[in-house]
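# Residue-level structure breakdown
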Amino acid sequence: MRFPMRLNYDLTKYIVSNKLNKVGKYPLVLMLEPTHLCNLACSGCGRIREYADTIQEMMSLEDCLKSVDECPAPVVTITGGEPFLYPPVYDLIRGVLDRGKHIYLCTNGILLEKALDNMKPHPNFTLNVHMDGLEETHDRILERKGAFKIAMEGIKKAKKLGFRVCTNTTILKETNLLEIEMLFTHLEEIGVDGLLVAPGFGYEAVGEKLFLERREIEKKFAEVYEMSKKHRFFSTPMYLRFLKGEKKLECTPWGNPTRNPRGWKAPCYLITDAHYPTFKEMMEKTDWNKYGVGKDPRCAQCMMHCGFEPTVVGEIGKSFKDILEMMIWNFT
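Residue positions are given per chain, counting from 1 as you read along its sequence in written order. This being a predicted model, a pLDDT of at least 70 is required before a residue's local features are given, and a value of 80 or more before pairs of side-chain atoms are given or counted; all residues contribute to the totals for chains, interfaces and linings. Working from all heavy atoms in the structure, the side-chain values ignore hydrogens and water.

Per an unreviewed UniProt entry, the protein chain is named Adenosyl-hopene transferase HpnH, and its organism is Oryzomonas sagensis. Turning to the protein chain, the UniProt record has this under Cofactor (unreviewed entry): "[4Fe-4S] cluster". UniProt positions are given in the numbering used here, feature names are shortened, and annotations may be inferred rather than shown by experiment.

Structure representation (structure tokens):
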């Protein structure tokens, strides 16, 4: 995804160091889920269903910060569940920033406006608000009337206070792309710094026929790719070309490791085969060769950013065209 210059520098230094030290597998983004509690029951959410039996469990602040120290990734995504339902969330934010890490805090926006009174803008801190369409569509997917207006008011207040804000939009089978382009235009008009967009993943626990198969993803993202020429997308052009079927990428499941109240989740953010007590055990004991398209049937339709954006980072340098495209994209 597109990062601010400060993070670009830190990421580049981190990646070069790993390559020079011949580290084959290293994480880029820690997906930290201190709680799976949520104030919504969105149609396509696998978390509240997969972890229904343990949804009341929370990580201690000490365990959260220990996990940040265990995992060398320069970026920490604080997600869930809804992070603003985690009581020590503000202490967690301060603790991660004090460690020199960069934060993307993912929220549905319902509690954002009030939460802003307890936070201050920071160059390493980005708010990531989930937006799935204009008002009627967004409220229907989130199954809460008024959710769109509440999130928009939170975004406006965040921008007024000087926070860096991006949004995350999931493309589903029923998604109207004309509406999505109207949404992106409106978000940019109120000052949103960038847009993340990705296809939904078909969680077994969800069951509803909301999700796209690979051919459908490629068809829809051919149009989304054209939108990226007019709007400030944080998703990389290489990843978007992969989504529209123009580029081939293998998944990098260890690129975005997940830590939640059950432990280190393996093999990836989307599929759960085991939980490990430490990051080191998760990396060493997971048989990474078992996963990916053509290896595990659960991976067949997956084109999610958490698995393939890390691959993009690893691919940079192999093609002059890709280097040039990324340079132009990063500095425009």
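From this point, the narrative continues.
## Some details on the sheet that holds strand β8 (residues 263-267)
If you trace the nine strands from one edge of the open sheet to the other, you get β6-β5-β4-β3-β2-β1-β7-β8-β9, paired in mixed fashion. Only two strands of the sheet have a single neighbouring strand rather than two, namely β6 (194-199) and β9 (272-276). Looking at each pair of strands side by side, their axes are set apart by 25 degrees on average, direction ignored. Each pair of strands is called paired provided DSSP finds at least two bridges between the two strands. Only runs of H or I of at least four residues qualify as helices and only runs of E of at least two qualify as strands under DSSP, and these elements are numbered from the N terminus. Relative to strand β7 (residues 258-260), strand β1 (residues 29-32) runs parallel, the two sharing two bridges. Looking across to β7, one finds that Leu 32 is bridged to Arg 259. Sheet contacts for helix α3 (residues 61-70): β1, β2 (75-78), β7 and β8; angle to β1, the most-contacted strand, approximately 165 degrees. Contacts are assigned to residue pairs with any non-hydrogen atoms lying within 4.5 Å of each other. Interaxial angles span 0 to 180 degrees and are taken between N-to-C directions of axes, which are lines fitted to C-alpha atoms, for helices over the stretch in contact. Here helix α8 (residues 177-189) sits on the sheet in contact with β5 (164-171) and β6, set at roughly 175 degrees to β5.

## As for the nonpolar core
Within soluble globular proteins, side chains that are nonpolar generally end up buried alongside one another. Among buried residues, the Ala, Val, Leu, Ile, Met, Phe, Trp, Tyr and Cys ones that are joined through side-chain atoms within 4.5 Å form a nonpolar core. Burial classification: accessible surface area is computed with a 1.4 Å probe over protein chains only, and a residue below 20% of its type maximum counts as buried, one above 50% as exposed, and the rest as partly exposed. If you look at the biggest cluster of nonpolar residues, it comprises 93 residues, and the most contacted ones within it are Met 119, Leu 127 and Leu 187. With six residues, the single largest contributor to this core is helix α4 (residues 89-98). The contacts of Leu 127, once residues within four sequence positions are left out, are Phe 84, Leu 105, Leu 112, Leu 116, Met 119, Ala 158, Phe 163, Arg 164, Val 165 and Cys 166. Leu 40, Ile 110, Ala 147 and Phe 211 belong to the second largest nonpolar core, which has eight residues in total.

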